[in-house]
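Chain and residue survey
Below are the chains, spelled out letter by letter.
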Amino acid sequence: MPAMLIAGPEVEPLTLAEAKTYLRVDHDAEDALIGSLITAARATVEALTRRVLIDQSWRIVRDAWPASGLIAAPVNPLKTITGAHVLDAEGAEVEVSTDALLADTARLPGLIRVACGTVPVPGRPIAGIAIDVVAGHGADADHVPSPLIEAVRVVLAHFYEHRDEQGAGAAFPARLDALVAPFRVARL
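These lines cover the structure that appears in this document, whether it is placed above or below.

About the thresholds
Within each chain, residue numbers correspond to sequence positions counted from 1 in written order. Two thresholds apply to this predicted model, a pLDDT of at least 70 for residue-level local features and 80 or more for giving and counting side-chain atom pairs, whereas whole-chain, interface and lining totals are computed over all residues. Just so you know, side-chain values use all the structure's heavy atoms and leave hydrogens and water out. Under this scheme, a helix contributes an axis fitted over its contacting stretch, all axes are lines through C-alpha atoms, and angles between N-to-C directions fall in the 0 to 180 degree range. The numbering of helices and of strands both runs from the N terminus, where a helix is a DSSP run of H or I of at least 4 residues and a strand a run of E of at least 2. Helix crossings are classified by the rotation of the near helix relative to the far one: an anticlockwise turn of less than a right angle makes the crossing left-handed, while a clockwise turn makes it right-handed. Any two residues whose heavy atoms approach within 4.5 Å at even a single point are treated as in contact. One less than the number of residues in a helix, times 1.5 Å, gives the span that helix is expected to have. Think of it in three bands: with a 1.4 Å probe and only protein chains considered, a residue is buried below 20% of the maximum accessible area for its type, exposed above 50%, and partly exposed in between.

The next subject is the packing of helix α1 (residues 16-23) against helix α3 (residues 146-161). The interhelical angle for the contact between α1 and α3, taken along N-to-C directions, is 65°, at an axis separation of 10 Å. Crossing hand, α1 versus α3: right-handed. Note on element contacts: α3 touches α1 through Glu150, Arg153, Val154, Leu156, Ala157 and Tyr160, opposite Ala19, Tyr22 and Leu23.

Next comes the structure, spelled out in structure tokens:
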């Protein structure tokens, strides 16, 4: 069940100024590079933990409603369901009432509970269902657990210092695993 990014975070977990201080950079010549490395570092920590750090909008695509009525969220922590639709046989969107979907945000991975008897059946066999959700720890870095912010710093520094290296020298430092391990979301 794929999830597609609709809208990324409005801010990154580190500002450019914070990143430059951490990297001990006191010039502006590499601001664009450092900015892109911040984004890459956040995305790397998100991939390692299977967590979205700062709130983002995602679309979960499915072929059919599950018989169990439970959908494990592929993006976590799940915060809210913002909309849903199915495609009919002609490809037109048919809105699904969000009252028929309940976000169980108390667990990881989050679950979407579907009231199966009340949702329309998709008219096409592949990718006929779309559920739009918001996932993340919060709107800004203040809501993200501090070990994950530190993990972003570690990855940022690694990317900055080893940008021209390949092979074993480009491996992440061992402390990164210690930072992210408690926050990994298990797959169901």
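Turning next to helix α2 (residues 31-49). For α2, which comprises 19 residues, the first-to-last C-alpha distance of 27 Å matches the rise-based estimate of 27 Å (1.5 Å per residue) to within 8%. Of the positions making up α2, those classed as buried are Ile34, Leu37, Ile38, Ala41, Arg42, Thr44, Val45, Glu46 and Thr49. Where the residues of α2 are buried, they touch α1, β2 (56-62), α3 and α4 (174-180). At the C-terminal side of α2, Arg50 shows a positive phi close to 60°.

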